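Structural overview
Now for the letters of each chain:
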Amino acid sequence: MNYRELRGRIDAEPFVPFRLVMTDGRAFEITSPNMLWPGRDTAMVGLPDNPAEPDVPARHVSVSMLHIIRVEPLGPTVTVPSA
């Protein structure tokens with residue numbers, strides 16, 4: 001993952017919430033552009049603690065860009081009917 005890819009997702013109009021999946025299995029849901037600050041080698045991920053203010057970080061974690069293995073869109077899940 002690199003700065004330009006994450007910056008493009010943050011700046012998208014309209015913003016589409018997404019999940020960062022890490023090599024160690026952790027995942028961070030980015031529900032607002034205010035919750036992610038990408039840099040060259042690391043990204044800061046904001047973590048909310050108040051459901052009434054999901055776009056206000058209470059704390060943050062730093063993650064290595066090298067350890068982001070994929071970005072998944074958040075949204076309604078699609079279920080496939082069983083036969």
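What comes next concerns the included structure. Nothing here was measured: the structure is a model prediction, and the numbers come from that model.

**Brief notes about the packing of aromatic side chains**
Under the criterion given, the structure shown has one aromatic pair. Aromatic side chains Phe15 and Phe18 sit 6.0 Å apart centroid to centroid with 55 degrees between the ring planes, which places their arrangement in the tilted category. Using a relative accessible area of 0% as the deciding quantity, one classes Phe18 as buried. Against the face of Phe18 rests Arg9, its NZ or CZ located 5.7 Å from the ring centre.

**Points about the environment of Asn2**
On the secondary structure map, Asn2 appears in the segment before α1 (3–11). Reaching out from Asn2, the side chain makes a polar contact with the backbone nitrogen of Arg4 at a distance of 3.0 Å.

**Overview of the environment of Arg70**
Mapped onto the elements, Arg70 comes out in strand β6 (residues 68–73). Using a relative accessible area of 41% as the deciding quantity, one classes Arg70 as partly exposed. Distance in space between the C-alpha atoms of Arg70 and Arg9 is 13 Å, their sequence separation being 61 residues. Once residues within four sequence positions are removed from consideration, Arg70 is found in contact with Arg19, Leu20 and Val21.

**What to know about the nonpolar core**
Core analysis: the largest hydrophobic core is formed by 18 residues, its most contacted members being Leu6, Phe18, Leu20, Ile30, Leu36, Val45 and Val63. Mapped by element, the contributors of at least two residues to this core are α1, β1 (18–22), β2 (27–30), β4 (42–47), β5 (59–64) and β6.

**Side note on unusual backbone geometry**
The omega torsion of the bond from Glu13 to Pro14 falls at 0 degrees, within 30 degrees of zero and hence cis. As for its position among the elements, Pro14 is in the loop between α1 and β1.

**Details of the sheet that holds β2**
Spatially, three strands are ordered β2-β1-β6 in an open sheet, and the strand pairing comes out antiparallel. At either margin of the open sheet sits one strand with a lone partner, and together these are β2 and β6. Neighbour to neighbour, the strand axes of the sheet diverge by 20 degrees on average, direction disregarded. Here five bridges tie β1 to β6, and the two strands are oriented antiparallel to one another. Considered in β6, the bridge of Phe18 is made with Pro73.

Rules of the game
Residues numbered from 1 in each chain as written. Predicted model: local features only at pLDDT ≥ 70, side-chain atom pairs only at ≥ 80, totals over all residues. Heavy atoms only, no water. Phe/Tyr/Trp six-rings, centres within 6.5 Å; stacked < 30°, edge-to-face > 60°. Buried < 20%, exposed > 50% of the residue type's maximum accessible area, 1.4 Å probe, protein only. Lys NZ or Arg CZ within 6 Å of the ring centre and 35° of its normal. Helix = DSSP H or I, 4+ residues; strand = E, 2+ residues; numbered from the N terminus. Polar contact = N/O pair within 3.5 Å; in protein donor to acceptor, adjacent residues only side chain to side chain. Contact = heavy atoms within 4.5 Å. Core = buried A, V, L, I, M, F, W, Y, C linked by side-chain atoms within 4.5 Å. Pairing = 2+ DSSP bridges. Axes fitted to C-alpha atoms, helices over the stretch in contact; angles between N-to-C directions.

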